[in-house]
Amino acid sequence: MGKLDQKVAIVTGSARGIGKAIARQLISEGAKVIISDINAELSDATAMELKNAGADVVSIAADVSKVESAEHLIDETVKIYSKIDILVNNAGITRDTLLIRMAESDWDAVLQVNLKGSFNCLKAAAKVMMKQRSGKIINIASVVGLMGNFGQANYSASKAGLIGLTKTAAKELGSRGIHVNAVAPGYIETDMTKKLSDQAKESFLSVIPLKRPGSPEDVAKVVSFLAGPDSDYITGQVIVVDGGLLM
């Protein structure tokens, strides 16, 4: 039996990358996981892959930036499993460019998915968790929400906002037995970071004391800790997973 045995977890943006690694980690600890992504075909394919490996998973596609879609994700999960123990708000996008060149549409798109999407899911899941008087909510933020980053005004703002949302939700929901924390990854090897130029990658590595990028599994292990019983006296915190980048 794992530490998350029989727990029900929703991981948004879990069809690939960090979200998929988080789903795998929670499954390895015994959780039943909802795989959710805006791309229904990709979500279904990931769920089938995990199911074929013996996991108890269900695919529910959702566009978290839309209230109705986020609420559908929560409602369907409750219909299937009768509860929600863990919510991981991982869904996110980037539209990087210099602030002075940034189109309003690029600003709005990133804030809609990264910040409003997390709010939509958190609010809907909190209603279920309040009735249960228990739950773990983990928001995937970023070190750029703490330090800013060249060419990422929209992304940095969305992640800084997510950190503020995390702390406020932790204060409001704590009396109902609900823990709300954030994980702030640094330079993690994903499809997104693979697109960076060699110069940009070297620039990151030069300021990371551990001299290597992180892996999605590095982030997933911290999420698993926050989702499990070992973190029962931790709430409102931001755990940085960045190899020392932010020091």
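In what follows, the accompanying structure is described. Bear in mind the structure is a predicted one, so any value in this text is a computation, not a measurement.

A word on the overall build of the protein chain
What the protein chain contains, in helices and strands, is 9 helices and 7 strands. The C-alpha radius of gyration computed for the protein chain amounts to 17 Å, which stays within 12% of the reference 18 Å derived for 247 residues, consistent with globular compactness. Structurally, the protein chain occupies a C-alpha span of about 50 × 40 × 35 Å along its principal axes. Relative to all contacts within the protein chain whose residues are 6 or more apart in sequence, the contacts with residues 24 or more apart total 72%. Of the accessible surface of the protein chain, which amounts to about 11,800 Å², a share of 53% is contributed by carbon and sulfur atoms. Averaging the positions of the 28 positive and the 27 negative side-chain charges in the protein chain gives two centres separated by 4 Å.

Re the packing of helix α3 (residues 67-81) against helix α4 (residues 104-132)
Their axes nearest at 9 Å, the elements α3 and α4 cross at an angle of 35 degrees. The chirality of how α3 crosses α4 is right-handed. Taken together, the residues of α4 that come into contact with α3 (itself represented by V67, A70, E71, L73, I74 and V78) are K116, N120, C121, A124, A125 and V128. Classifying every residue of the contact of α3 with α4 gives 9 nonpolar, 1 polar and 2 charged.

Quick look at the environment of I74
Topologically, I74 is positioned in helix α3. Measuring from C-alpha to C-alpha, the distance between I74 and I163 comes to 22 Å, with 89 residues separating the pair along the chain. Setting aside anything within four residues of it in sequence, one finds I74 in contact with I10, I84, C121, A124, A125 and V128.

Notes on helix α6 (residues 153-173)
The terminal C-alpha atoms of α6, which comprises 21 residues, lie 30 Å apart, in line with the 30 Å expected from a rise of 1.5 Å per residue. Within the span of α6, buried status applies to N154, Y155, S156, S158, K159, L162, I163, L165, T166, A169, A170 and L173. Where α6 is buried, its residues touch α4, β5 (135-140), α5 (144-147), β6 (178-185) and β7 (238-241).

Here's the deal with the environment of V110
Its place among the elements puts V110 in helix α4. Accessibility expressed as a relative area gives 0% for V110, which makes it buried. A sequence separation of 88 residues divides V110 from D198, and the C-alpha atoms of the two residues are 25 Å apart. Filtering out sequence-adjacent residues up to four positions away, V110 remains in contact with I93, T94, R95, L115, N154, Y155 and S158.

Examining the environment of S134
One can find S134 in the loop between α4 and β5. Given the relative accessible area of 30%, S134 is considered partly exposed. A C-alpha to C-alpha distance of 7.9 Å links S134 and H179, two positions 45 residues apart in sequence. Those residues in contact with S134, other than ones at most four positions away along the chain, are M129, R176, G177 and I178.

Describing the packing of aromatic side chains
Within the structure shown, the criterion is met by 1 aromatic pair. Consider the rings of Y187 and F204, whose centres lie 5.0 Å apart with planes at 20 degrees: the pair is stacked. Of this pair, Y187 sits in the loop between β6 and α7 (191-194) while F204 is found in helix α8 (residues 198-206), placing the two residues 17 residues apart along the sequence. In this structure F204 comes out as partly exposed when scored by relative accessible area, which is 24%.

What to know about the packing of helix α1 (residues 17-28) against helix α9 (residues 216-227)
Direction vectors running N to C along α1 and α9 enclose 50 degrees, while the axes themselves pass 8 Å from each other. Classified by the interaxial angle, the pair formed by α1 and α9 is oblique. The interaxial crossing formed by α1 with α9 has right-handed handedness. Listed contacts from α9 to G17, I18, A21, I22, Q25 and L26 of α1 are P216, E217, V219, A220, K221, V223, S224 and A227. The residue makeup of the contact of α1 with α9, split by class, is 9 nonpolar, 3 polar and 2 charged.

Let's talk about helix α2 (residues 40-52)
Along an α-helix, residues three or four apart share an orientation, since each turn contains 3.6 residues. With 13 residues, α2 ought to run about 18 Å at 1.5 Å a step, and its terminal C-alpha atoms sit 18 Å apart, in line with that. Buried within α2 are the following residues: S43, T46, A47 and L50. Angular distribution of buried residues about the axis of α2 spans 100 degrees; they occupy a single face of the element. Turned more than 90 degrees from where α2 packs its buried face, E41 and N52 sit exposed. In this structure, the buried side of α2 is in contact with α1, β2 (32-36) and β3 (57-59). The distance from a side-chain oxygen at the start of α2 to the backbone nitrogen of E41 is 3.1 Å, and the residue carrying that oxygen is N39. Positive phi appears at G54, one or two residues downstream of α2, with a value of about 105 degrees.

Calculation notes
- Residues numbered from 1 in each chain as written.
- Predicted model: local features only at pLDDT ≥ 70, side-chain atom pairs only at ≥ 80, totals over all residues.
- Heavy atoms only, no water.
- Helix = DSSP H or I, 4+ residues; strand = E, 2+ residues; numbered from the N terminus.
- Rg over C-alpha atoms; globule rule 2.2 N^0.38 Å.
- Contact = heavy atoms within 4.5 Å.
- Areas by Shrake-Rupley, 256 points an atom, 1.4 Å probe, with all protein chains shown as cover.
- Lys, Arg positive; Asp, Glu negative; His and termini not counted.
- Charge placed at Lys NZ, Arg CZ, Asp CG, Glu CD.
- Axes fitted to C-alpha atoms, helices over the stretch in contact; angles between N-to-C directions.
- Left-handed = near helix turned anticlockwise from the far one by under 90°.
- Nonpolar A, V, L, I, M, F, W, Y, C, P; charged D, E, K, R; others polar.
- Expected span 1.5 Å × (residues − 1).
- Buried < 20%, exposed > 50% of the residue type's maximum accessible area, 1.4 Å probe, protein only.
- Phe/Tyr/Trp six-rings, centres within 6.5 Å; stacked < 30°, edge-to-face > 60°.
- Parallel < 35°, antiparallel > 145°, perpendicular 65-115°, else oblique.
- Arc of directions from axis to C-beta.
- Polar contact = N/O pair within 3.5 Å; in protein donor to acceptor, adjacent residues only side chain to side chain.

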